[in-house]
Amino acid sequence: MDLTFEEIPEDLWDDWVWLVSPPGLTRAVEEETQPLLSSPYQLTSTYTMNMPKVVLFHMAWSCRVEGDGGPGSDNLHVPVRMDVDTALRGLLFLLRNYPLVLRWRLEPDRLASLAPNLWDDVQEPPEMLWHVPQELEGQALDLDSLSIEFFNPFVPALRLAGIHRSVIGVISPVKSLDLAISSLIPGTESDWRETMDMTISELERRDLIEVTEDGLRRFTEKGRRMVRTEPLSDCLGCRCRIEEIVEYELCGDDE
């Protein structure tokens, strides 16, 4: 596949460098370690949040939903509601809908042959749930047969493709969700809340967004160009560490 490189416009360069890795405005949360069923492995996920990208992602999404052109239109000039609470609720939505997903690594024809199972009745990511498809019970669970991904397996298009039937486990970011929820409680001290407030102020200082007369916010011309230049879908990321569980048998003295 040919790779292409689009040069960042000179007047966006400094703000682009900042947006990709904004000092002090990213957060990372290491979740609890989870054993992988009866396998000799355990998994630890870490969620990372780029707060400026979270704000811009939510604003861009709101523009396309609320704009005059209707859902899907590219109306980035539309003023939308954006404040600390709105941004935190947007982050909470992302955390709730993008868990870590463990699936069997299967060929498409094998995937299509799986019968309906427990996942057909699940409509949104649970906190944590395990289920081995009946056809795959007894199959060795190792790193060659396991696919670990970061996506929402319950969206309609994936259901039609039967992707959810190959799922054996869903691990939601419980610690991250707790931090997001607590940041929305009035009167509660929250580092995330302070960070989001600083984020919005910095986006305004850099002339990427601005406040309108009615208290809403909108992209500036510079902000619209930035959104079209730098992808925002990585505002929430997840990486995981897989470790093999080693058991030691301790023996006492023979005396």
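Refer to the structure above for everything that follows.
Along each chain, the written sequence defines residue order, and numbers are assigned to residues from 1. Per-residue local features are limited, in this predicted model, to residues with pLDDT of at least 70; the limit for side-chain atom pairs, both in listing and counting, is 80 or more; totals at the level of whole chains, interfaces and linings are taken over all residues. Side-chain measures were taken over the full set of non-hydrogen atoms in the model, leaving aside hydrogen atoms and water.

A. Structural detail: the overall build of the protein. Strands here mean DSSP runs of E at least two residues long; helices mean DSSP runs of H or I at least four residues long; both are numbered from the N terminus. Helix and strand content of the protein: eight helices and ten strands. Counting only C-alpha atoms, the protein reaches 80 × 55 × 45 Å along its principal axes. Using a 1.4 Å probe on the protein chains alone, a residue whose accessible area is under 20% of its type maximum counts as buried, one over 50% counts as exposed, and one in between counts as partly exposed. A total of 255 residues make up the protein; the buried ones form 45% of that total. Any two residues whose heavy atoms approach within 4.5 Å are treated as being in contact. Pairs at least 24 residues apart make up 76% of the contacts formed inside the protein by residues separated by at least 6 positions. Areas reported here follow the Shrake-Rupley algorithm with a probe of radius 1.4 Å; residue values treat only the protein chains shown as occluding. In the form shown here, the protein has an accessible surface area of approximately 14,700 Å², with 50% of it arising from carbon and sulfur atoms. Positive: Lys, Arg. Negative: Asp, Glu. His and the chain ends are not part of the count. Just so you know, the charge point we use is NZ for Lys, CZ for Arg, CG for Asp and CD for Glu. Taking the average location of the 23 positive side-chain charges in the protein and that of its 47 negative ones, the two points are 8 Å from each other.

B. Broad picture of helix H7 (residues 191-205). Between the first and last residue of a helix there are one fewer steps than residues, each counted as 1.5 Å, and that sum is the expected span. With 15 residues, H7 extends 21 Å between its outermost C-alpha atoms, agreeing within 8% with the 21 Å of an ideal straight helix rising 1.5 Å per residue. Among all positions of H7, only Trp192, Thr195, Met196, Thr199, Ile200, Glu202 and Leu203 are buried. Projected down its long axis, H7 carries its buried residues within an arc of 165 degrees, all on one side. Opposite the buried face of H7, by more than 90 degrees, sit the exposed residues Glu194 and Arg205. N or O atoms closer than or at 3.5 Å make up a polar contact, with two conditions inside protein: a donor-capable atom paired with an acceptor-capable one, and, for residues adjacent in sequence, both atoms drawn from side chains. Its side-chain oxygen 3.3 Å from the backbone nitrogen of Trp192, Ser190 forms the N-cap of H7. Throughout, the arc means that of the directions going from the helix axis to the C-beta atoms.

C. Summary view of the packing of aromatic side chains. Note on ring pairs: Phe, Tyr and Trp rings are taken, using the six-membered ring of Trp, and paired if centres are within 6.5 Å. Classes follow the plane angle, with under 30 degrees stacked, over 60 edge-to-face and the rest tilted. On inspection of all chains with the given rule, the structure shows four aromatic pairs. A ring pair is formed by Tyr47 and Phe150, whose centres lie 5.7 Å apart and whose planes are at 80 degrees; its orientation type is edge-to-face. With a gap of 103 residues between them, Tyr47 in strand S3 (residues 41-50) and Phe150 in strand S6 (residues 146-150) connect regions that are remote in the sequence. A residue is classified by how much of its surface remains accessible, and Phe150, at 26% relative accessible area, is partly exposed.

D. Up close: unusual backbone geometry. The backbone phi angle of Asp207 is positive, close to 60 degrees, even though this residue is not glycine. Its location among the elements puts Asp207 in the loop between H7 and strand S8 (209-211).

E. Geometry of the pattern of salt bridges. Every case where a carboxyl oxygen of Asp or Glu lies within 4 Å of a side-chain nitrogen of Lys or Arg is listed as a salt bridge. Counted by the stated rule, this structure contains 17 salt bridges. Three or more residues joined by partner-sharing salt bridges are found here, namely Asp15, Glu202, Arg205, Arg206 and Lys222.

Purely spatial values, then, with no claim about function.
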